[in-house]
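Chain and residue survey
Below are the chains, spelled out letter by letter.
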Amino acid sequence: ACQTGHHVTRRAGWDCHGLPVEYEIDQKLNITHRDQVLAMGVDKYNDTCRGIVTRYTKEWEKTVTRLGRWVDFENDYKTMDPTFMESVWWVFKELFKKDLVYQGYKVMPFS
């Protein structure tokens, strides 16, 4: 959009979901099986994961600023925030209402 003359605010964003965060917590807590997470409590496990997500934000801000990129770090977004997740579900709902969502099958080769 910015290449067509529109103003686009550059916001910092943090991808908080997925295996890298869980892997690090599993290593830290010596978790090797799903049952250990259930015994600990999913809520406590999630809180522990949330705790490490923003660990390096200041380092990223310093590096990105030094590289000369203008990014808003004060108004950042995190994929773990309910408002972000709700916005994704809203977009999905709108696509579904327009009949743009379909189920398909695709072969995914293993490496």
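Residues numbered from 1 in each chain as written. Predicted model: local features only at pLDDT ≥ 70, side-chain atom pairs only at ≥ 80, totals over all residues. Heavy atoms only, no water.

Some details on helix H5 (residues 82-97)
For H5, built from 16 residues, the straight-helix expectation of 22 Å at 1.5 Å per residue is met to within 8% by its first-to-last C-alpha distance of 22 Å. With its phi angle positive at about 60°, aspartate 99 sits one or two positions after the end of H5. (Helix = DSSP H or I, 4+ residues; strand = E, 2+ residues; numbered from the N terminus. Expected span 1.5 Å × (residues − 1).)

Quick notes on the packing of helix H1 (residues 19-29) against helix H3 (residues 42-53)
Close contact between H1 and H3 brings their axes to 10 Å; oriented N to C, the two are set at 110°. As judged from the angle between their axes, H1 and H3 are roughly perpendicular. Relative to H3, H1 is oriented so that their crossing is right-handed. Of H3, the residues touching H1 (which contributes Val21, Glu22, Glu24, Ile25, Asp26 and Leu29) are Tyr45, Thr48, Cys49, Ile52 and Val53. The class makeup of the residues in the contact of H1 with H3 is seven nonpolar, one polar and three charged. (Axes fitted to C-alpha atoms, helices over the stretch in contact; angles between N-to-C directions. Parallel < 35°, antiparallel > 145°, perpendicular 65-115°, else oblique. Left-handed = near helix turned anticlockwise from the far one by under 90°. Contact = heavy atoms within 4.5 Å. Nonpolar A, V, L, I, M, F, W, Y, C, P; charged D, E, K, R; others polar.)

Quick look at the side chain of lysine 78
Structurally, lysine 78 can be placed in strand S2 (residues 72-78). Setting aside its immediate chain neighbours within four residues, lysine 78 contacts Trp14, Cys16, Thr54 and Phe84.

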